[in-house]
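These are the residues of each chain, in order.
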Amino acid sequence: MRQHVNPLSRFFQLDNELPKANKLFDNCDLPIHLDIGCARGRFLLDMASATPMWNFLGLEIRESLVIASEMERIQFNINNLKFLFCNANVSLDAWLASFEKRKVEMVSIQFPDPWFKLRHRKRRVLNSSLVLSMARNLDEGSKLFIQTDILEVMEDMVQQIESSQFYDKALEDNFSFTMENPFPFCTEREIYVQKKGLPIYRQLYLRNSEIE
Ligand SMILES: C[S@@+](CC[C@H](N)C(=O)[O-])C[C@H]1O[C@@H](n2cnc3c(N)ncnc32)[C@H](O)[C@@H]1O
(Lines give C-alpha, C1' and ligand atoms only; values in the text may rest on other atoms or scores of the structure.)
Protein backbone atom coordinates (compact mmCIF):
# COMPACT_ATOMS: atom_id res chain seq x y z
CA MET A 1 0.00 0.00 0.00
CA ARG A 2 1.47 3.34 -1.07
CA GLN A 3 2.10 5.90 1.64
CA HIS A 4 1.08 9.51 1.03
CA VAL A 5 2.98 12.10 2.96
CA ASN A 6 1.45 15.37 4.06
CA PRO A 7 3.54 18.07 2.34
CA LEU A 8 2.16 20.66 4.77
CA SER A 9 3.40 18.88 7.89
CA ARG A 10 6.10 20.72 9.81
CA PHE A 11 8.80 18.23 8.81
CA PHE A 12 8.22 18.82 5.11
CA GLN A 13 8.27 22.60 5.50
CA LEU A 14 12.02 22.51 6.15
CA ASP A 15 13.81 24.06 3.22
CA ASN A 16 16.08 21.36 1.84
CA GLU A 17 18.48 23.47 -0.21
CA LEU A 18 18.98 21.79 -3.57
CA PRO A 19 22.48 21.55 -5.10
CA LYS A 20 23.16 23.96 -7.94
CA ALA A 21 22.73 22.54 -11.44
CA ASN A 22 26.48 22.62 -12.11
CA LYS A 23 26.94 20.09 -9.27
CA LEU A 24 24.30 17.71 -10.58
CA PHE A 25 25.29 16.72 -14.08
CA ASP A 26 28.41 15.85 -16.07
CA ASN A 27 27.53 18.28 -18.87
CA CYS A 28 25.91 21.39 -17.37
CA ASP A 29 25.31 23.00 -20.76
CA LEU A 30 22.45 20.69 -21.67
CA PRO A 31 18.81 21.75 -21.25
CA ILE A 32 17.08 20.36 -18.16
CA HIS A 33 13.82 18.44 -17.94
CA LEU A 34 12.43 18.72 -14.41
CA ASP A 35 9.90 16.09 -13.28
CA ILE A 36 8.05 17.05 -10.08
CA GLY A 37 6.82 14.11 -8.01
CA CYS A 38 8.80 11.47 -9.86
CA ALA A 39 8.05 8.61 -7.39
CA ARG A 40 10.32 5.61 -8.11
CA GLY A 41 11.76 7.39 -11.14
CA ARG A 42 11.31 4.78 -13.84
CA PHE A 43 10.11 7.36 -16.39
CA LEU A 44 13.22 9.46 -15.86
CA LEU A 45 15.56 6.46 -15.88
CA ASP A 46 14.15 5.52 -19.30
CA MET A 47 14.13 9.10 -20.60
CA ALA A 48 17.69 9.88 -19.49
CA SER A 49 19.07 6.65 -20.95
CA ALA A 50 17.43 7.34 -24.30
CA THR A 51 18.03 11.11 -24.46
CA PRO A 52 21.69 11.97 -23.85
CA MET A 53 21.29 15.55 -25.13
CA TRP A 54 19.15 16.51 -22.12
CA ASN A 55 19.72 16.51 -18.38
CA PHE A 56 16.89 15.22 -16.17
CA LEU A 57 16.07 16.08 -12.58
CA GLY A 58 13.44 14.26 -10.51
CA LEU A 59 12.08 15.78 -7.30
CA GLU A 60 10.30 13.55 -4.84
CA ILE A 61 9.04 14.08 -1.29
CA ARG A 62 9.36 10.41 -0.25
CA GLU A 63 13.00 9.94 0.60
CA SER A 64 13.02 6.13 0.40
CA LEU A 65 12.01 6.35 -3.26
CA VAL A 66 14.76 8.84 -4.00
CA ILE A 67 17.35 6.56 -2.39
CA ALA A 68 16.15 3.59 -4.47
CA SER A 69 16.05 5.64 -7.70
CA GLU A 70 19.52 7.04 -7.09
CA MET A 71 20.92 3.54 -6.47
CA GLU A 72 19.52 2.39 -9.79
CA ARG A 73 20.81 5.48 -11.59
CA ILE A 74 24.32 4.90 -10.22
CA GLN A 75 24.17 1.19 -11.00
CA PHE A 76 23.43 1.96 -14.65
CA ASN A 77 25.93 4.86 -14.73
CA ILE A 78 23.40 7.41 -15.97
CA ASN A 79 25.08 10.79 -15.58
CA ASN A 80 22.51 13.08 -17.19
CA LEU A 81 20.00 12.35 -14.42
CA LYS A 82 19.68 13.12 -10.71
CA PHE A 83 16.99 12.40 -8.14
CA LEU A 84 16.61 14.76 -5.18
CA PHE A 85 14.57 14.48 -2.01
CA CYS A 86 12.58 17.63 -1.25
CA ASN A 87 9.18 19.21 -0.98
CA ALA A 88 8.96 20.94 -4.35
CA ASN A 89 6.59 23.52 -2.90
CA VAL A 90 9.26 24.59 -0.43
CA SER A 91 12.60 24.09 -2.17
CA LEU A 92 12.06 24.58 -5.88
CA ASP A 93 11.67 28.36 -6.06
CA ALA A 94 15.18 29.15 -4.73
CA TRP A 95 16.72 26.49 -6.98
CA LEU A 96 15.04 27.87 -10.10
CA ALA A 97 16.04 31.40 -9.11
CA SER A 98 19.69 30.37 -8.67
CA PHE A 99 20.42 29.92 -12.39
CA GLU A 100 22.65 32.46 -14.08
CA LYS A 101 21.49 31.28 -17.49
CA ARG A 102 18.12 29.61 -17.56
CA LYS A 103 18.32 25.97 -18.41
CA VAL A 104 15.06 24.33 -17.39
CA GLU A 105 13.25 23.95 -20.70
CA MET A 106 10.69 21.32 -19.71
CA VAL A 107 8.73 20.75 -16.50
CA SER A 108 6.43 17.75 -16.10
CA ILE A 109 3.89 17.07 -13.36
CA GLN A 110 2.43 13.63 -13.97
CA PHE A 111 -0.40 12.04 -12.03
CA PRO A 112 0.04 14.21 -8.93
CA ASP A 113 -1.48 13.06 -5.63
CA PRO A 114 -5.18 13.99 -5.90
CA TRP A 115 -6.01 15.00 -2.29
CA PHE A 116 -9.77 14.76 -2.92
CA LYS A 117 -11.12 16.11 0.35
CA LEU A 118 -11.80 19.84 0.27
CA ARG A 119 -9.73 20.46 3.40
CA HIS A 120 -6.78 18.57 1.87
CA ARG A 121 -6.72 20.34 -1.49
CA LYS A 122 -4.10 22.80 -0.34
CA ARG A 123 -1.70 19.82 -0.25
CA ARG A 124 -1.82 19.51 -4.06
CA VAL A 125 1.60 20.10 -5.53
CA LEU A 126 0.47 22.30 -8.43
CA ASN A 127 -0.74 25.49 -6.79
CA SER A 128 -0.65 29.17 -7.70
CA SER A 129 2.74 29.71 -5.96
CA LEU A 130 4.36 26.92 -7.95
CA VAL A 131 2.97 28.29 -11.22
CA LEU A 132 4.22 31.78 -10.33
CA SER A 133 7.65 30.44 -9.41
CA MET A 134 7.97 28.62 -12.74
CA ALA A 135 6.68 31.65 -14.65
CA ARG A 136 9.08 33.99 -12.88
CA ASN A 137 12.14 31.82 -13.37
CA LEU A 138 11.67 30.06 -16.71
CA ASP A 139 12.12 31.51 -20.16
CA GLU A 140 9.51 32.23 -22.76
CA GLY A 141 8.96 29.07 -24.78
CA SER A 142 9.78 26.71 -21.91
CA LYS A 143 7.27 23.85 -21.68
CA LEU A 144 5.01 22.61 -18.93
CA PHE A 145 3.39 19.20 -19.36
CA ILE A 146 0.64 17.91 -17.07
CA GLN A 147 -1.25 14.64 -17.05
CA THR A 148 -3.60 12.79 -14.73
CA ASP A 149 -6.38 10.21 -14.84
CA ILE A 150 -8.59 12.28 -12.53
CA LEU A 151 -10.69 14.91 -14.30
CA GLU A 152 -11.20 16.99 -11.16
CA VAL A 153 -7.43 17.22 -10.64
CA MET A 154 -6.93 18.10 -14.30
CA GLU A 155 -9.48 20.88 -14.09
CA ASP A 156 -7.81 22.27 -11.00
CA MET A 157 -4.33 22.19 -12.61
CA VAL A 158 -5.68 23.84 -15.77
CA GLN A 159 -7.36 26.53 -13.71
CA GLN A 160 -4.18 27.23 -11.73
CA ILE A 161 -2.07 27.45 -14.88
CA GLU A 162 -4.45 29.36 -17.14
CA SER A 163 -5.61 31.87 -14.54
CA SER A 164 -1.97 32.89 -14.08
CA GLN A 165 -1.92 34.25 -17.69
CA PHE A 166 1.73 33.10 -18.01
CA TYR A 167 1.12 29.96 -20.06
CA ASP A 168 -0.56 29.24 -23.38
CA LYS A 169 -1.69 25.85 -24.59
CA ALA A 170 0.78 24.43 -27.10
CA LEU A 171 -2.17 23.56 -29.34
CA GLU A 172 -4.86 26.20 -29.01
CA ASP A 173 -7.59 23.99 -30.42
CA ASN A 174 -6.82 21.14 -28.05
CA PHE A 175 -9.40 21.50 -25.32
CA SER A 176 -10.19 17.83 -24.91
CA PHE A 177 -7.35 17.04 -22.51
CA THR A 178 -6.66 13.82 -24.42
CA MET A 179 -3.63 14.63 -26.54
CA GLU A 180 -0.96 12.03 -27.16
CA ASN A 181 1.81 11.82 -24.64
CA PRO A 182 4.75 13.81 -26.13
CA PHE A 183 7.28 11.51 -24.43
CA PRO A 184 8.37 8.07 -25.66
CA PHE A 185 8.11 6.55 -22.15
CA CYS A 186 5.34 6.26 -19.58
CA THR A 187 5.39 6.87 -15.84
CA GLU A 188 4.58 4.11 -13.35
CA ARG A 189 1.12 5.49 -12.71
CA GLU A 190 0.50 5.96 -16.43
CA ILE A 191 1.24 2.28 -17.10
CA TYR A 192 -1.15 1.26 -14.32
CA VAL A 193 -3.91 3.57 -15.62
CA GLN A 194 -3.47 2.35 -19.19
CA LYS A 195 -3.73 -1.29 -18.06
CA LYS A 196 -6.99 -0.43 -16.29
CA GLY A 197 -8.29 1.26 -19.45
CA LEU A 198 -8.97 4.53 -17.62
CA PRO A 199 -8.95 7.90 -19.42
CA ILE A 200 -5.87 10.11 -19.25
CA TYR A 201 -6.14 13.90 -19.40
CA ARG A 202 -3.10 15.72 -20.75
CA GLN A 203 -2.08 19.24 -21.65
CA LEU A 204 1.13 20.86 -22.87
CA TYR A 205 1.73 24.56 -22.16
CA LEU A 206 4.31 27.06 -23.35
CA ARG A 207 5.54 29.93 -21.19
CA ASN A 208 4.36 33.05 -23.01
CA SER A 209 5.86 36.55 -23.02
CA GLU A 210 3.70 37.90 -20.19
CA ILE A 211 5.88 39.74 -17.66
CA GLU A 212 5.17 39.25 -14.00
C1 LIG B 1 0.62 9.70 -7.63
S2 LIG B 1 2.35 9.78 -7.57
C3 LIG B 1 2.79 9.83 -9.28
C4 LIG B 1 4.23 9.53 -9.50
C5 LIG B 1 4.74 9.61 -10.95
N6 LIG B 1 4.77 10.97 -11.43
C7 LIG B 1 3.92 8.75 -11.86
O8 LIG B 1 3.21 9.29 -12.72
O9 LIG B 1 3.99 7.51 -11.71
C10 LIG B 1 2.72 11.47 -7.06
C11 LIG B 1 4.11 11.61 -6.50
O12 LIG B 1 4.35 12.97 -6.15
C13 LIG B 1 5.07 13.00 -4.91
N14 LIG B 1 4.84 14.32 -4.31
C15 LIG B 1 3.67 14.76 -3.77
N16 LIG B 1 3.81 16.02 -3.30
C17 LIG B 1 5.11 16.38 -3.54
C18 LIG B 1 5.87 17.56 -3.29
N19 LIG B 1 5.31 18.61 -2.68
N20 LIG B 1 7.16 17.60 -3.67
C21 LIG B 1 7.72 16.52 -4.30
N22 LIG B 1 7.06 15.37 -4.56
C23 LIG B 1 5.77 15.31 -4.20
C24 LIG B 1 4.46 11.85 -4.14
O25 LIG B 1 5.25 11.41 -3.05
C26 LIG B 1 4.31 10.80 -5.22
O27 LIG B 1 5.45 9.99 -5.35
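Here the structure is a predicted model, which is why all the values come from computation and not from measurement.

Quick notes on the sheet that holds strand β5 (residues 143-148)
- Spatial ordering of the open sheet is given by β3-β2-β1-β4-β5-β7-β6, a layout of 7 strands whose pairing is mixed. Looking at the sheet topology across the chains shown, the edges are occupied by β3 (81-85) and β6 (167-169). Between one strand and the next, the sheet's axes are offset by a mean angle of 20°, whatever the strand orientation.
- Where β5 meets strand β7 (residues 201-207), 6 bridges bridge the pair, whose relative direction is antiparallel. In the strand pairing of β7, Thr 148 is matched with Tyr 201.
- Where helix α1 (residues 42-50) meets the sheet, its contacts fall on β1 (32-36), β2 (55-60) and β3, and the angle it forms with β2 comes to roughly 175°.

A word on the site of the ligand
- Neighbouring residues of the ligand: 21 residues in total, closest Gly 37, Ala 39, Ala 88, Thr 187 and Arg 189.
- Every element with two or more residues in the shell around the ligand is listed here: β2, α3 (88-97) and α6 (188-196).
- Looking at which element gives the most residues to the shell around the ligand, the answer is α6, with 3 residues.
- Taken together, the residues that form the shell around the ligand break down as 10 nonpolar, 5 polar and 6 charged.

Cut-offs applied
- Residues numbered from 1 in each chain as written.
- Predicted model: local features only at pLDDT ≥ 70, side-chain atom pairs only at ≥ 80, totals over all residues.
- Pairing = 2+ DSSP bridges.
- Helix = DSSP H or I, 4+ residues; strand = E, 2+ residues; numbered from the N terminus.
- Axes fitted to C-alpha atoms, helices over the stretch in contact; angles between N-to-C directions.
- Contact = placed C-beta atoms within 7 Å.
- Near = placed C-beta within 6 Å.
- Nonpolar A, V, L, I, M, F, W, Y, C, P; charged D, E, K, R; others polar.

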